[in-house]
Amino acid sequence: MNCPQCGQEMRCGNLHTRNYPFWTQQELSFFRSPTDTVEVAPLDDDTTSMFTRDPFPTFPGAWLCRSCGLVVFSGKLLEKRK
Ligand SMILES: [Zn+2]
């Protein structure tokens, strides 16, 4: 796969994280947690409970562009609004 940002060839591997990464359009602050987030869980992960979650989730089939740093991977999106 070629990078949609810079056109260079991307490499496929596994992306490892600690806990689920989350995405938000809000500013993060030390004093206030974001109220509108999307957590990204592995597609095959059991997300039913905090206790069944893998603390070190792996996202297989993640694409990395060494030229511009773009990382592309798929996950199960967990919308959270407070
Ligand atoms: Zn790139």
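Structure first, text after, so check above.
None of these values were measured; they are calculated from a predicted model. (Residues numbered from 1 in each chain as written. Predicted model: local features only at pLDDT ≥ 70, side-chain atom pairs only at ≥ 80, totals over all residues. Heavy atoms only, no water.)

Looking now at the pairing of strand 1 (residues 11–16). The element strand 1 is largely exposed, with a buried count of zero among its six residues. Pairing of strand 1 with strand 4 (residues 58–64) involves five bridges; the strand directions are antiparallel. Paired with Leu15 across the two strands is Phe59, which belongs to strand 4. (Buried < 20%, exposed > 50% of the residue type's maximum accessible area, 1.4 Å probe, protein only. Helix = DSSP H or I, 4+ residues; strand = E, 2+ residues; numbered from the N terminus. Pairing = 2+ DSSP bridges.)

Positioned with a positive phi, Asn19 is a non-glycine residue whose angle comes to about 65 degrees. In this fold, Asn19 is placed in the loop between strand 1 and strand 2 (22–23).

Donor atoms from the polypeptide that coordinate the zinc ion comprise Cys3 (SG), Cys6 (SG), Cys65 (SG) and Cys68 (SG), at 2.3 to 2.4 Å from the metal. Coordination at the zinc ion comes from four donor atoms whose angles at the metal span 102 to 119 degrees, giving a geometry best classed as tetrahedral. As a motif over one chain, the donors of the zinc ion read C-x2-C-x58-C-x2-C. Of the two residues, Cys3 sits in the segment before strand 1 while Cys68 sits in the loop between strand 4 and strand 5 (71–72), which places them 65 residues apart along the sequence. By relative accessible area, Cys68 is classed as partly exposed at 33%. (Donors = N, O, S within 2.8 Å, 3.2 Å for Na, K, Ca; no water. Tetrahedral: all angles 85-135°; square planar, octahedral: opposite > 155°, others 65-115°.)

By themselves, these figures tell us nothing about what the structure is for.
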